[in-house]
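# Understanding the architecture of this molecule
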Amino acid sequence: MQQAMIIMNPSSGKAEARDYIRAVEEVLQGAGYQVAVHETAGEGDATAFCNQACSEKYDLVVAIGGDGTLHETMNGLANQQHRPKLGIVPMGTVNDFARALQIPLLPEEAIRTLSSSHTQRVDMGRLNDRLFANVVAAGSLAGSLSSVTTEDKTRLGFLAYLKEGIKELASNTAHTLTITHDGEIWEGSSPLFIAALTNSVGGFEKLAPAAAVDDGLLHCFIVKDLHLLNSVTVSISLLLGNLRNHKDVIYFTAKEVSVRSAEPVQTNVDGEQGPPLPITLSTIPRHIQVVVPEA
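About the criteria used
Residues numbered from 1 in each chain as written. Predicted model: local features only at pLDDT ≥ 70, side-chain atom pairs only at ≥ 80, totals over all residues. Heavy atoms only, no water. Helix = DSSP H or I, 4+ residues; strand = E, 2+ residues; numbered from the N terminus. Buried < 20%, exposed > 50% of the residue type's maximum accessible area, 1.4 Å probe, protein only. Contact = heavy atoms within 4.5 Å. Areas by Shrake-Rupley, 256 points an atom, 1.4 Å probe, with all protein chains shown as cover. Pairing = 2+ DSSP bridges. pLDDT = per-residue confidence, 0-100. Core = buried A, V, L, I, M, F, W, Y, C linked by side-chain atoms within 4.5 Å. Salt bridge = Lys/Arg side-chain N within 4 Å of Asp/Glu carboxyl O. Phe/Tyr/Trp six-rings, centres within 6.5 Å; stacked < 30°, edge-to-face > 60°.

Along its length, the protein carries 10 helices and 16 strands. Across the 295 residues of the protein, 55% fall into the buried class. Across the protein, the fraction of contacts at a sequence separation of at least 24, relative to all contacts at a separation of at least 6, is 74%. About 12,800 Å² of surface is accessible on the protein, with carbon and sulfur atoms providing 50% of the total.

Right, let's get into the side chain of asparagine 75. Position of asparagine 75 relative to the elements: it lies in helix H4 (residues 67–75). When its relative accessible area of 16% is taken as the criterion, asparagine 75 is described as buried. Non-local contacts of asparagine 75, meaning those with residues more than four positions away in its chain, are made with Thr47, Arg130 and Leu131.

Read from one edge to the other, the open sheet built from six strands follows the order E12-E11-E10-E7-E14-E15, with strand pairing classed as antiparallel. The open sheet has two edge strands, strand E12 (249–254) and strand E15 (272–273), and neither has a second partner. One ladder, built from three bridges, connects strand E7 (residues 135–138) with strand E14 (residues 267–269); its direction is antiparallel. By the bridge assignment for E14, alanine 137 is matched with asparagine 268.

This brings us to the pairing of strand E13 (residues 256–260). With burial as the criterion, only one face of E13 is covered, namely that bearing Val257 and Val259; the residues Glu256, Ser258 and Arg260 on the opposite face remain uncovered. In terms of strand pairing, strand E8 (residues 175–181) meets E13 through four bridges, oriented antiparallel. Residue threonine 178 lies in a different strand from E13, and its bridge partner there is arginine 260. In terms of strand pairing, E13 meets strand E16 (residues 279–291) through four bridges, oriented antiparallel. Directly across from valine 259, in E16, lies its bridge partner isoleucine 279.

Along the polypeptide, threonine 69 turns up in helix H4. Excluding residues within four positions of it along the chain, threonine 69 makes contact with Asn9, Ser12, Ala46 and Ile64.

Looking now at the confidence of the model for the protein. Looking at the protein as a whole, the pLDDT averages 85, with 80% of positions reaching at least 70. Counting interchain partners and residues more than four positions distant, the pLDDT-below-50 stretch residues 156–163 has 17 contacts. In the model, residues 236–240 has pLDDT below 50 throughout and makes 10 contacts with residues more than four positions away in sequence or in other chains.

Leu28, Ile64, Phe97 and Val290 are the most contacted members of the largest nonpolar core, which totals 49 residues. Contacts of isoleucine 64, omitting those with residues within four sequence positions, involve Ile6, Ile7, Met8, Asn9, Ala17, Ile21, Val24, Thr69, Val89 and Met91.

Once that is clear, we can look at the pattern of salt bridges. Following the criterion strictly, the structure yields four salt bridges and no others. Here arginine 18 ties to glutamate 39 by a salt bridge, and the two come within 2.5 Å at their closest N and O atoms. One end of the pair, arginine 18, is in the loop between helix H1 (12–15) and helix H2 (21–30); the other, glutamate 39, is in strand E2 (residues 33–39), with 21 residues separating them in the sequence. Residue class for arginine 18 comes out partly exposed when judged on its relative accessible area of 47%. Of the charged contacts, one joins arginine 22 and glutamate 25 as a salt bridge, the two residues approaching to 3.4 Å between their closest N and O atoms. Here arginine 22 and its partner glutamate 25 are both found in helix H2, three residues apart, which amounts to about one turn of the helix. Residue class for arginine 22 comes out partly exposed when judged on its relative accessible area of 45%. Its relative accessible area of 17% is what places glutamate 25 among the buried residues.

In this section: the environment of valine 292. Within the element layout of this structure, valine 292 appears in the segment after E16. According to the relative accessible area criterion, valine 292 is buried, its value standing at 11%. Sequence-wise, valine 292 and glutamine 102 are 190 residues apart; in three dimensions their C-alpha atoms are separated by 7.5 Å.

Within the secondary structure, valine 291 sits in strand E16. Along the sequence, valine 291 and leucine 101 sit 190 residues apart, while their C-alpha atoms lie 9.3 Å from each other.

Where burial is concerned, the two faces of E7 agree: the one with Val135 and Ala137 and the one with Val136 and Ala138 are both buried. Examined bridge by bridge, E7 and strand E10 (residues 192–196) share four bridges and lie antiparallel to one another. Bridge pairing links valine 135 to alanine 196 in E10.

Moving on to the packing of aromatic side chains. Throughout the structure, instances matching the rule amount to one aromatic pair. Ring centres of phenylalanine 221 and tyrosine 251 lie 5.0 Å apart, and the angle between their planes is 50°; on these two criteria the pair is classed as tilted. Of this pair, phenylalanine 221 sits in strand E11 (residues 218–223) while tyrosine 251 is found in strand E12, placing the two residues 30 residues apart along the sequence. As far as the burial class goes, phenylalanine 221 and tyrosine 251 line up, both buried.

The structure is reproduced here in structure tokens:
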């Protein structure tokens, strides 16, 4: 009998993740899996559970939670000889990775998808010595979004990020960044640098409309100016899928990027606080196999 491990973050989905455990078990058992359930209690737990699933040669790992839980789970797949397939029940604030793969955002529908026979090979990103699933941001705005508490995310959802973003826009803080890619160097003042693996970032599915989950590329944006008035035009460009052509945005694709600054600059990785600069980013093409809806 095949083996499946469920990794569940109990604080996800406004603390409703536990309510769906039984439904996930029933779908997996109906598909012929023997099921083990693990509940995270703190940082690093999802990675440790996924490491265990790899070493014990599980066939499937199912992550129930948001992008942060998914980020940790995927890090458990790094440098593993045996990598189980990955199933996703998105219950976070934004759920960018699920959006990019067209996995239903309603938990009941996502659970039904777990019985699908279809899978998609997906790129992973590497940031220094860890993996990321979807996006890395650096700059004053990225740092402010990392300060959103779990309690606020549970209580306010996406509005928690919006509240912190508006506060930072009002301060109009920028840092001098040096960004190197493919032999080119850009240096200047910027409040925000974004490197995305998929088309969905922060719930906006048109940030990088040309991005595919298996194209092996980082889709990068350097925002040169983001004062409150200019942020309106940037937002319109974002909604129209035309951010790359905005006059105050530099867009490029690369397989490896390094970002550094002489100032202390924080990063945000898959919606959670990341390491300070400097960082080096690269892609691992088609690294994991994700269960996706039937065509």
